[in-house]
Amino acid sequence: MKYIVVLGDGMSDRPLKELGGKTPLEVAKKPNMDFIARNGRCGLLKTLSGDMPLGSDIANLTILGYNPKRYYTGGRGPLEAASMGIKLDKEDIALRCNLITEKNGTLEDYSGGHISTEEAKELINFVEEKFGTQDIEFHPGVSYRHILVLRSDRYSADIQCMPPHDIVGKKIVDNLVKPSSESGRDTADLLNRLSLESKDILESHPINLNRKKNGRLTANMLWFWGAGKRLELSKFKEKFRLNGALISAVDLLKGIAVYLGLDVIDVPGATGYLDTDYEEKADKAIEALKKRDFVYIHVEAPDEAGHEGNIDKKIKAIEDLDKRLIGRILNSLKSGEFTIAVLPDHATPIEVCTHTLDPVPFAIYSTERGGDSVKSYSEKSAGKGSYGIKEGIEFMNLLLGR
Ligand SMILES: [Zn+2]
């Protein structure tokens, strides 16, 4: 038996008056998702909980069968570090380090004007030269997304950091790192000092002078968030006795795969946006299944459309995912035995442009199991499915029919 999970990030939504009271999933043409719902079984899944961050990292760990209450260490830093091949010792702390644009004391842009990877690399290497020590390491990543590692048990992850995309237009001084307890105070002070001092050296760097001259936003400050320690996760293969692979454009998901021992399949045309190469992702998944029992395909585009509050883009992302990826996979699987599931990790409703706690619709079709009475895939119809409402952590067992 082959198992395929197709994860449309942030795909579910709420009824919109612009769509006559329907959701993007209800309006989109998606015959393949509907096929899975019609021939399989549906339900609603609780993938997030109110006492933890509403993040894709937590939601995807949950869906993959790993309880975040037990394993999560506080932020995305260690997951992204893993996807970049950075090894962490038990006491080390990894943080996401954004290159941002600061202007007149406010956070103008969380991405430093979507700075290019080449420019960013030079800036981060420069920062490493100036601020790096034996236990403070800067690692350049892609575009504005980089990693800071603190390698000493003097530091603590007991701090509160503001994700920069949540404080655009807000004052820097009101959003600095705060200690959650006395043990986090030195670390918070260090991070705030690095952040504020980075402005002085980055602002006048030739790369930024050049960007300014060309009328582009400068990447003139570092912003730290997503602090966490190494996660202690058992391997997916030991837990479920399946050889698996994961396909995603996003470092966060690739990092989860590294921790779980799932093979990370690179798809050169995967962008994490609406222009992603769906066909290539489908083909890589089909190929991955020849030698493996399980493949997890993550598609970021619907979430991005949700954050932008763009209804048309969200519908387009759903339709492309359905036709160009799921349809292609279903076609290739016509003969063999397989089980395929479709679901989002969380809702990113257009009306709020961010992640919410709403349970998500899921559908599972297996060539060797019967279906229920649900005829199409949507938030409303899946709510009438025979699985009812389930905890996210139960999903893998439902998929495997165990
Ligand atoms: Zn997500």
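First, a word on scope: everything that follows refers to the structure included in this document. (Residues numbered from 1 in each chain as written. Predicted model: local features only at pLDDT ≥ 70, side-chain atom pairs only at ≥ 80, totals over all residues. Heavy atoms only, no water.)

What about the overall build of the protein chain?
No. 1: Each helix and strand in the protein chain was counted, giving 15 helices and 15 strands.
No. 2: In terms of overall dimensions, the protein chain is globule-like: its C-alpha atoms have a radius of gyration of 22 Å, near the 21 Å expected for 402 residues.
No. 3: Here the protein chain, with 402 residues, has 56% of them falling under the buried criterion.
No. 4: The contacts in the protein chain between residues at least 6 apart in sequence include a share of 73% that link residues at least 24 apart.
No. 5: Total accessible area on the protein chain stands at roughly 16,900 Å², and carbon and sulfur atoms take up 47% of it.
No. 6: Taking the 56 positively charged and 60 negatively charged side chains of the protein chain as two groups, their mean positions are separated by 4 Å. (Helix = DSSP H or I, 4+ residues; strand = E, 2+ residues; numbered from the N terminus. Rg over C-alpha atoms; globule rule 2.2 N^0.38 Å. Buried < 20%, exposed > 50% of the residue type's maximum accessible area, 1.4 Å probe, protein only. Contact = heavy atoms within 4.5 Å. Areas by Shrake-Rupley, 256 points an atom, 1.4 Å probe, with all protein chains shown as cover. Lys, Arg positive; Asp, Glu negative; His and termini not counted. Charge placed at Lys NZ, Arg CZ, Asp CG, Glu CD.)

With respect to the side chain of Glu137
No. 1: As for its position among the elements, Glu137 is in strand 5 (residues 136-142).
No. 2: Side-chain polar atoms of Glu137 contact the side chain of His139, separated by 2.8 Å.
No. 3: In terms of polar contacts, Glu137 uses its side chain to reach the side chain of Arg151, at 2.7 Å.
No. 4: Aside from chain neighbours lying at most four places away, what touches Glu137 is Glu128, Ile147, Leu148, Val149 and Arg151. (Polar contact = N/O pair within 3.5 Å; in protein donor to acceptor, adjacent residues only side chain to side chain.)

Notes on the side chain of Asn98
No. 1: The residue Asn98 is located in strand 3 (residues 93-103) in this model.
No. 2: On the basis of relative accessible area, Asn98 is assigned to the buried category, the value being 1%.
No. 3: Of note is the side chain of Asn98, whose polar atom sits 2.9 Å from the backbone oxygen of Tyr110.
No. 4: Setting aside chain neighbours within four positions, we find Asn98 in contact with Tyr110, Tyr144, Pro164, Met221, Leu222, Trp223 and Trp225.

Regarding the packing of aromatic side chains
No. 1: Under the defined criterion, the tally for this structure stands at 10 aromatic pairs.
No. 2: Note on Phe236 and Phe294: the rings are 4.7 Å apart at their centroids and 35° apart in plane angle, and the pair reads as tilted. With a gap of 58 residues between them, Phe236 in helix 9 (residues 236-240) and Phe294 in strand 12 (residues 294-299) connect regions that are remote in the sequence.
No. 3: Ring-pair connections join several aromatic residues into one group, and the members of that group are Phe236, Phe240, Phe294 and Tyr296.
No. 4: Here Arg41 stacks its cationic end above the ring of Tyr387, 4.1 Å away from the centre of that ring.
No. 5: Positioned above the aromatic ring of Tyr66, the side-chain terminus of Lys239 is 4.9 Å from the ring centre. (Phe/Tyr/Trp six-rings, centres within 6.5 Å; stacked < 30°, edge-to-face > 60°. Lys NZ or Arg CZ within 6 Å of the ring centre and 35° of its normal.)

Describing the pattern of salt bridges
A side chain with one charge may pair with a side chain of the opposite charge, provided their charged atoms come close.
No. 1: One pass over the full model with this rule turns up 25 salt bridges.
No. 2: Arg76 is paired through a salt bridge with Glu80; the nearest N and O atoms lie 2.9 Å apart.
No. 3: We note a salt bridge from Arg185 to Glu182, for which the minimum N-O separation is 3.1 Å.
No. 4: Judged by its relative accessible area of 38%, Arg185 falls in the partly exposed class.
No. 5: Taking relative accessible area as the criterion, Glu182 reaches 57% and is therefore assigned exposed.
No. 6: One salt-bridge network, held together by shared partners, links Glu279, Lys316, Asp320 and Arg324. (Salt bridge = Lys/Arg side-chain N within 4 Å of Asp/Glu carboxyl O.)

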